[in-house]
Amino acid sequence: MSNTAVPIAPPRVQVLRRRIRIVVAITITWNVIEAVVALIAGGAASSAALIGFGLDSIVEVLSAAAVAWQFAAPDPERREKTALRVIAVSFFALAIYVSVDAIASLTGWRDPEHSTVGVVIAALSLLVMPFLSWFERRTGRELGSASAIADSKQTLICTYLSAALLAGLLLNSILGWAWADSVAALVIAVFAIREGIEAWRGDACCAAPVSVLTGEHEADGCAGERCQD
């Protein structure tokens, strides 16, 4: 099977770029609200998982903003490497902070309390994030944008983290398992490290990252002439 990409007509390219700008704008707006609510509620409940979730929302804003900056240019491909690096670094920063905060909770420095607001925001995120991720991922794959796909995976990670957060908060509230909150926070850190590595690798070639980031192929270096486009 040939690896040669099928050319996209210019009008279609413009439509796809506009779609990415729209979904990025929606993602930024939602995550700003989510971050403010989660950080305030997390601080009040001393919840490492909830605070980590709020910080992840900030990371998602930075990631989406990087993609928005990229696609604001007449030639977005020239900015893709920088956008991918911003996304990767934001993942790593999130992982470091969340890990330290979770360990502090596990060692007994503070005990997380019940947070009704946290439960609600996690449940809402489970409803919103999957659609935004799917839409941007589908558009990014058609356009051949590694940064858009990386950002869609950041959004998808928010879905997984919402589930982990919701489980941790409910287990703490219903069963009194305070450690569940910290475990949920560490799950967030693991996902962040994994996706940060993938985003960092994504700028190794021009076209190859798309298949790697979508999971269709393994990352095997910059072989072939596709990197010369």
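In this report, the structure presented in the accompanying data block is examined. Because the structure is a prediction, the values reported are computed rather than measured.

1. Looking at the overall build of the protein
From N to C terminus, the protein includes seven helices and zero strands. Reading the protein from its N terminus to its C terminus gives the helix and strand order α-α-α-α-α-α-α. The long-range fraction of contacts in the protein, counting pairs at least 24 apart against all pairs at least 6 apart in sequence, stands at 76%. Summed over its atoms, the accessible surface of the protein is roughly 11,100 Å², and 66% of this surface lies on carbon and sulfur atoms.

2. Some words on helix H2 (residues 48–71)
Between its terminal C-alpha atoms H2 stretches 34 Å, which fits the 34 Å expected from 24 residues at 1.5 Å a residue. Within H2, 18 of the 24 residues are buried, which leaves the element mostly enclosed by the surrounding structure.

3. Thoughts on the packing of helix H1 (residues 10–45) against helix H5 (residues 146–175)
Helix-helix packing: each pair is described by the crossing angle between the helix axes and the interaxial distance. Orientation of H1 relative to H5, taken along the N-to-C sense of each, is 35 degrees, at an axis distance of 12 Å. Seen along the crossing, H1 lies across H5 with a hand that is left-handed. Of H5, the residues touching H1 (which contributes Ile20, Val24, Thr27, Asn31 and Glu34) are Ala148, Asp151, Thr155 and Cys158. Residues of the contact of H1 with H5, tallied by class, amount to four nonpolar, three polar and two charged.

4. What to know about the packing of helix H3 (residues 80–106) against H5
Between H3 and H5, the least distance of the axes is 9 Å, while the angle of their chain directions is 20 degrees. If you check the angle between H3 and H5, you find them roughly parallel. As for how H3 packs across H5, the hand of that crossing is left-handed. Touching Glu80, Ala83, Leu84, Ile87 and Phe91 of H3 are Ala146, Ser147, Ala150, Asp151, Gln154 and Ile157, all from H5. Looking at the contact of H3 with H5, its residues break down into seven nonpolar, two polar and two charged.

5. A closer look at the nonpolar core
One recurring pattern in soluble globular proteins is that nonpolar side chains are buried together. Counting 46 residues, the largest nonpolar core has Ile20, Leu50 and Leu165 as its most contacted members. If you list the elements that add at least two residues to this core, you get H1, H2, H3, helix H4 (116–143), H5 and helix H6 (179–201). In terms of residue count, H5 provides more of this core than any other element does, 10 residues in total. In this view, Leu165 contacts Ala49, Leu50, Phe53, Ala122 and Ala184; residues no more than four positions away in its chain are not counted.

6. Topic: a positive patch on the surface
On the surface, a cluster of positive charge is contributed by Arg18, Arg19, Arg21 and Arg138. Examining the composition of the positive patch, we find that three residues originate from one element, H1, more than from any other. Within the secondary structure, Arg21 sits in helix H1. A relative accessible area of 34% means that Arg21 is categorised as partly exposed.

7. A short note on the pattern of salt bridges
Opposite charge on two side chains permits them to pair, given that their charged atoms come into close proximity. Inspection of every chain in the model, using the stated rule, returns four salt bridges. Among the ionic pairs, Arg12 bridges to Glu142, the shortest N-O distance being 2.7 Å. Remark: Glu142 occurs in helix H4 and Arg12 occurs in helix H1; sequence separation between them is 130 residues. We classify Arg12 as partly exposed; its relative accessible area is 30%. On the accessibility criterion, Glu142 (35% relative accessible area) is partly exposed.

8. Description of H4
For H4, built from 28 residues, the straight-helix expectation of 40 Å at 1.5 Å per residue is met to within 8% by its first-to-last C-alpha distance of 41 Å. Elements that come into contact with the buried residues of H4 comprise H1, H2 and H5.

9. Quick look at a nonpolar patch on the surface
There is a patch of nonpolar side chains on the surface, built from Leu106, Leu170, Ile174, Leu175, Trp177, Trp179, Val183 and Val187 and spanning about 730 Å² of accessible area. Of all the elements in the fold, those that place two or more residues in the nonpolar patch are H5 and H6. As for its placement among the helices and strands, Val183 is situated in helix H6.

10. Section: the packing of aromatic side chains
When we look at a pair of aromatic rings, we describe it by the centre distance and by the angle of the planes. For the structure on display, the rule yields three aromatic pairs. Plain terms: the ring middles of Phe131 and Trp134 are 6.0 Å apart, the flat faces sit at 35 degrees to each other, and that makes the pair tilted. Separated by three residues within a single helix, Phe131 and Trp134 lie in helix H4, roughly one turn from each other. The exposure class assigned to Trp134 is partly exposed, which follows from its relative accessible area of 45%. Counting every residue linked through ring pairs, the aromatic cluster contains Phe131, Trp134 and Phe135.

What counts as what
- Residues numbered from 1 in each chain as written.
- Predicted model: local features only at pLDDT ≥ 70, side-chain atom pairs only at ≥ 80, totals over all residues.
- Heavy atoms only, no water.
- Helix = DSSP H or I, 4+ residues; strand = E, 2+ residues; numbered from the N terminus.
- Contact = heavy atoms within 4.5 Å.
- Areas by Shrake-Rupley, 256 points an atom, 1.4 Å probe, with all protein chains shown as cover.
- Expected span 1.5 Å × (residues − 1).
- Buried < 20%, exposed > 50% of the residue type's maximum accessible area, 1.4 Å probe, protein only.
- Axes fitted to C-alpha atoms, helices over the stretch in contact; angles between N-to-C directions.
- Left-handed = near helix turned anticlockwise from the far one by under 90°.
- Nonpolar A, V, L, I, M, F, W, Y, C, P; charged D, E, K, R; others polar.
- Parallel < 35°, antiparallel > 145°, perpendicular 65-115°, else oblique.
- Core = buried A, V, L, I, M, F, W, Y, C linked by side-chain atoms within 4.5 Å.
- Patch = residues over 30% accessible without salt bridge, like charges linked within 9 Å, V, L, I, M, F, W, Y side chains within 5 Å.
- Salt bridge = Lys/Arg side-chain N within 4 Å of Asp/Glu carboxyl O.
- Lys, Arg positive; Asp, Glu negative; His and termini not counted.
- Charge placed at Lys NZ, Arg CZ, Asp CG, Glu CD.
- Phe/Tyr/Trp six-rings, centres within 6.5 Å; stacked < 30°, edge-to-face > 60°.

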